[in-house]
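Results of the structural survey
Here are the chains, one letter per residue:
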Amino acid sequence: ASEHRWFTLEGQYTEDSMEGIIILTEGGAFDNSEPVTNSLFGSVSIQFSSCNRAVMTYEITEPAISGTIPLHRQSDINLALCERLAAEANQGVEP
C-alpha cells in the first residue's frame, strides 16, 4: 500500500485565481488501518479565464519540477451556476 499517493491542492481563492500549496499524501488503503502521511510537496496557482478554462502553474520542491498546465472543464455540471455567479460578481471571469 506504500505505492498509493494523492496530490491535494489547498489554498485561497481571490476573484479569478487561486494560490496555494500542493500536499502529497502517501500510504493508506480502503478499509485498512494503515495510516497515511502528509507532506508539503510544492506550490500552485490557478488563473481562471472563463467558466470553462484555467491555467495551473506549479512548482514542486523535490524533485525540482515546475510547469504550466492548461485546464478545461470536463462536464457542464454547474456551468450555468458559474456563469451566473461570474456575471453577478463581474469578477473578470467571462462566462
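Keep in mind that this is a model prediction, so the values were computed, not measured. (Residues numbered from 1 in each chain as written. Predicted model: local features only at pLDDT ≥ 70, side-chain atom pairs only at ≥ 80, totals over all residues. Heavy atoms only, no water.)

Considerations on the sheet that holds strand E2 (residues 17-27)
- A sheet is described by the order of its strands in space; here five strands give the open sequence E1-E2-E3-E4-E5, paired in antiparallel fashion. With one partner strand each, in any of the chains shown, strand E1 (5-14) and strand E5 (65-72) form the two edges of the open sheet. The mean angle between the axes of side-by-side strands here comes to 25°, regardless of whether they run parallel or antiparallel.
- Inspection of the sheet shows E2 paired to strand E3 (residues 36-48) by eleven bridges, in the antiparallel sense. Paired with leucine 24 across the strands is serine 39, a residue of E3. (Pairing = 2+ DSSP bridges. Helix = DSSP H or I, 4+ residues; strand = E, 2+ residues; numbered from the N terminus. Axes fitted to C-alpha atoms, helices over the stretch in contact; angles between N-to-C directions.)

Some thoughts on the pairing of strand E4 (residues 53-60)
- Residue alternation in E4 divides its side chains into a buried set, Ala54, Met56, Tyr58 and Ile60, and an unburied set, Arg53, Val55, Thr57 and Glu59.
- Here E3 pairs with E4 via seven bridges, running antiparallel. Counterpart to glutamine 47 in the pairing with E4 is valine 55.
- Where E3 folds back onto E4 in an antiparallel hairpin, the turn is made up of four residues.
- Here E4 runs beside E5; their pairing, made up of eight bridges, is antiparallel. Across the sheet, valine 55 pairs through a bridge with proline 70, a residue of E5.
- Hairpin connection of E4 to E5: four residues between the antiparallel strands. (Buried < 20%, exposed > 50% of the residue type's maximum accessible area, 1.4 Å probe, protein only.)

These results come straight from atomic positions and should not be treated as a statement about function.
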